[in-house]
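Take a look at the letters that make up each chain.
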Amino acid sequence: MQRRVAVIGIGYTPFRPISPDVSFKEMMFEAAQKAYEDAGVSPRRDIDAFVTCEEDFTHGRSIFNIHTPDNIGAVLKRIHTLPAESILGLADAYMLINTGLANIMAVESHSKASNMLTPNYLVAHAMDPVYNKPLGYNPYFIAGMEMNRFMHETGVTKEQCALVSVKNRANALLNPGAAYGDKVGVDDVLSSDVMFHPLNRLDMSSLADGGIVMVVASEEKARRLCKNPIWVRGVGWISDAPSLETRQWGEAGYARLAGEMAYRVAGIKNPRKEIDFAEVDDTFSYKELQHLEALKLCAPGQAGFMVEEGATQREGEFPVNVSGGSLGVGRLDEATGLQKVLEVVLQLRGDAGRRQLPDVKVGLAQSWRGVPANSGAVAILSNE
Amino acid sequence: MRKVAVVGAGMTKFMRRAHETGKELAWETSRMALNSCDLTLKDVDCVVMGTAPDAFDMIHMKHEYLSDGAGAWRKPYVRGFLGGGTGVFTACQAWYHVASGLFDVCLAVSEEKMSSCLPHPQGAFVTCWDQFTESPLGTSLLWFFAWEMNRYMHAHGITEREIALVSVKNKKNAIEHPCAQLPGEITVDDVMNSEIMAWPVKRLDVSPTSDGAAVLVFAAEDVAKRITDKPVWVEGAGWCLDTMYIGQRDLYYPKYVEYAARMAYDMAGIKEPRHEIDIAEPYDPFSYKELHNAEGLLLCGKGEAAKLTVDGETQRTGRQPWCPSGGALGVGNAIAATGVMKVAELFWQLRGEAGGRQVPGKPRRGVAQAWGDEMQVGTVIVLGV
């Protein structure tokens, strides 16, 4: 039997295309301070362990872990770094609290993507160094190929994908923290530049800067410290075939398996009925549809129709990416997953302002590690 | 708390391995570890990866690339990263994956390939430090070590010759290690006469750069007892990070190692580490580091480690052997893999399977430790039978 674990504090900086006025250290500090204040805890006195999620290359440093403790109050404390998607940070906190070693933990991740002059060429270094990197391609061609295969296998159309971009950018207009809110139409998406056929410019999310910190606690501590704890009911994460040559191109296997794990941990039998809304990865417009199918949040082959009918709109029967998603908020590198969790927590607390969904009890956050990786994570949260 | 045991281990020879990719090293060693306890990938519930900076092999998100080699295909898989402290942390991470109750069997894989970093992996460290105050100085790690060694010697009146004894001991211990890169019989004079890298650090005070992999298999109590008659239990785990601002710390003593050790000892119920621990594998990338880290591990008082070494108490046949494996100085320093190698050494020693390296007197409890970042992190694990 797992111990119950809850999010009891959140802190974040607004997400912006550039942030020349602050360093990543100041961004981490701001988000951490807000989160500790929200949870009513002191990092030095109350927090048992810290986990941060950051990659070296995106920061231009070797061993980025060096730079983490000072900015979040973790000096001479139990702290470690995962070079990974940040939902894995939440999963790590979930595990450590379940061992009984920690009762209160902080999870941190941030993006300072505007510091990268040539992010695409940086991502090229994630390609297989023997088989793929020497070809010298811009790695985002992988997304184009995958989109093509996904559309071929499921019959999803480019218009349906474009609708995702339209919806998420519109949702972001109601999110004061979002960087790329916009009113665009399907035609705007379809007539935007072709980047990696069939991906158009507006099918792709843009990078943004921002920091997020969450305070996570065991049930006993959560009940004592927090009026509205948001329970982490399940976590799941999976790594699928990394090489381009052996992976399934149409289906998001990592999301299906990570979802199955999270549903098992959470005791969810029928995700479509038991989950009220979701924040799924939408790095590219088609990814949202691909992930909805993989997570069994729609009937097989129905994701395209779901968005067409407006079911995933904010007012629809199953709202998806109400925050604006990565298309509207901006893609936050490793922090992307934590932004999805953040939105789920805000909605479940009833603190989502003008974009608040009525009567939501269970929400799902899902992330994908990004091109060219084939791995992802899922977290399920609820307010009861 | 759920009891967790180490049930299997494997490692490759540490050396320059130009014939294998990192993926192949991870695969070969994972298979070795699984074979050692008669398991297959089907029995593995999750995988953790330890591997140091991506800059070594210039692969962004290196763990994603290594995943299928490490046996993580379609399994929960995550990488932990604490610089040089990564290896022992990988073992701690595998422990909490199983102790959390989410998984029964966890494969802890560490892989390191430093030879691909040309002209020398030191280049990867230049971008570690603070980008405003430290990196512009163009410091190499050796400078930092020289500062620390100097400060340590000065604080306690320890001599270079005393410190050189650590190199002599560890390289000698490594002669019995089939995977060792730099075993050998050397003398204190050899160390003293070797090239000065950054005074007082000399070439033979420094561990080599290495390629290699080491893998452990962790299992929950009920499963472990099914797998093996000789499970080695994880009794304690600790990790701790000090401030990155090196100028704000007195380098004579690794307080962060002490804090991490106390976390692990509290978990293990150890009150007097000097007497309750039979063997120790402190991290020894440089000869003085073994002494420095052993003091942090509370295996002796501050400044006493050199005397214990001079008196021969830390020899394989001594009262409390330190680095019976040969350590990073003898076996090689494939950063993350060396940390796991140290935990594997405890596993073999405590099971009585260490062959020519076997510490006499049936050791029952051991501590392994790694250290890294900007002289900043301590990771500690206590195993026992």
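Quick caveat: nothing in here was measured; it's all calculated off a predicted structure. Numbers given for residues are sequential positions, taken from 1 along each chain in its written order. As they are written, the chains are lettered A onward and the ligands numbered 1 onward, keeping that order. In keeping with the model being predicted, local features are shown solely for residues with a pLDDT of at least 70 and side-chain atom pairs are shown and tallied solely at 80 or more, while totals for entire chains, interfaces and linings include all residues. Note that water and hydrogens are dropped before the side-chain values are worked out from all heavy atoms of the structure.

## What about the overall build of chain B?
At step 1: Along its length, chain B carries 14 helices and 11 strands.
At step 2: Overall size of chain B, expressed as C-alpha extent along the three principal axes, is 55 × 45 × 35 Å.
At step 3: Counting every position in chain B, which comprises 385 residues, the buried fraction comes to 69%.
At step 4: Between two residues, a contact is recorded if the distance between any of their heavy atoms is within 4.5 Å. Summarising the internal contacts of chain B: among those between residues at least 6 apart in sequence, 77% fall at separations of at least 24.
At step 5: On chain B, roughly 12,400 Å² of surface is accessible, and the fraction owed to carbon and sulfur atoms is 53%. Note on conventions: DSSP H or I runs of at least 4 residues are helices, E runs of at least 2 residues are strands, and numbering of each starts at the N terminus. To sort residues, take the accessible area from a 1.4 Å probe on protein chains only and compare it with the maximum for the residue type: under 20% means buried, over 50% means exposed, and anything in between is partly exposed. Each accessible area is a Shrake-Rupley estimate made with a 1.4 Å probe; only the visible protein chains count as cover when residues are assessed.

## A few points about the sheet that holds strand β9 (residues 279-281) of chain B
Residues and elements named next belong to chain B.
At step 1: The sheet built from 9 strands is open, its strands ordered β3-β2-β4-β7-β1-β8-β11-β10-β9 with mixed pairing. Looking at strand neighbours, the two that pair on one side only are β3 (77-80) and β9, the edges of this open sheet. Sheet twist, expressed as the mean angle between neighbouring strand axes with direction ignored, is 25°.
At step 2: Paired strands, in this sense, are two strands between which DSSP finds at least two bridges. Pairing between β9 and strand β10 (residues 365-372): 3 bridges, direction parallel. Bridge pairing links Glu281 to Ala368 in β10.
At step 3: Running at roughly 165° to strand β2 (residues 46-50), helix α3 (residues 86-99) makes contact with β1 (4-11), β2, β3, β4 (105-113), β7 (211-220), β8 (232-241), β10 and β11 (377-384) of the sheet. Axis lines are fitted to C-alpha atoms, over the contacting stretch for helices. Their N-to-C directions set the angle, which ranges from 0 to 180 degrees.

## Here's the deal with the side chain of Glu279(A)
All names here are of chain A.
At step 1: Here Glu279 shows up in strand β9 (residues 277-279).
At step 2: In this count, Lys and Arg are taken as positive residues and Asp and Glu as negative ones, while His and the chain termini are left out. In what follows, salt bridge is the name for a side-chain nitrogen of Lys or Arg lying within 4 Å of a carboxyl oxygen of Asp or Glu. Of the side chains with opposite charge, Lys340 lies nearest to the buried Glu279, which makes no salt bridge, at 4.9 Å.
At step 3: If sequence neighbours within four positions are ignored, Glu279 has contacts with Asn321, Val322, Ser323, Gly325, Gln339, Lys340, Glu343, Val344, Leu364, Ala365 and Gln366.

## What to know about the side chain of Ser287(B)
All names here are of chain B.
At step 1: Structurally, Ser287 is set in helix α11 (residues 287-296).
At step 2: Since its relative accessible area comes to 0%, Ser287 is described here as buried.
At step 3: For this analysis, a polar contact is any N or O atom pair within 3.5 Å, provided that within protein one partner can donate a hydrogen and the other can accept it, and provided that sequence-adjacent residues contribute only side-chain to side-chain pairs. A polar contact of 2.7 Å, which involves the side chain of Ser287, links it to the side chain of Asp205.

## A short note on the pattern of salt bridges
At step 1: Tallying each qualifying case throughout the model produces 48 salt bridges over all chains.
At step 2: Between Glu148(B) and Lys289(B) there is a salt bridge whose closest N-O contact spans 2.8 Å. Of this pair, Glu148(B) sits in helix α5 (residues 141-156) while Lys289(B) is found in helix α11, placing the two residues 141 residues apart along the sequence.
At step 3: When its relative accessible area of 0% is taken as the criterion, Lys289(B) is described as buried.
At step 4: Look at the salt bridges and you will find they share partners, linking Glu251(A), Arg256(A), Glu260(A) and Lys296(A) into a network.

## Some words on the sheet that holds strand β8 (residues 230-239) of chain A
Residues and elements named next belong to chain A.
At step 1: Overall, mixed pairing links the 9 strands, which are arranged β3-β2-β4-β7-β1-β8-β11-β10-β9 in an open sheet. Each end of this open sheet is capped by a strand with a single partner; those strands are β3 (78-82) and β9. In this sheet, neighbouring strand axes are inclined to one another by 25° on average, regardless of whether the strands run parallel or antiparallel.
At step 2: Looking at chain direction, strand β2 (residues 49-53) and strand β4 (residues 104-112) are connected through 5 bridges and run parallel. Within the sheet, the bridge partner assigned to Phe50 lies in β4 and is Ala106.
At step 3: Relative to β8, helix α8 (residues 253-266) is tilted by about 145°, and along the sheet it contacts β8, β10 (362-368) and β11 (375-382).

## Quick notes on the pairing of β7(B)
Residues and elements named next belong to chain B.
At step 1: Along β7, 10 of the 10 residues are buried, which leaves the element largely enclosed by surrounding structure.
At step 2: Burial of the side chains of β7 extends over both faces: Asp211, Ala213, Val215, Val217 and Ala219 are buried on one face and Gly212, Ala214, Leu216, Phe218 and Ala220 on the other.
At step 3: Note that β1 and β7 share 7 bridges and pair antiparallel. Across the sheet, residue Ala9 finds its bridge partner in β7, namely Leu216.
At step 4: The pairing of β4 with β7 spans 9 bridges and is classified as antiparallel. Looking at β7, one finds that Ala108 is bridged to Leu216.

Honestly, it's all geometry; don't read function into it.
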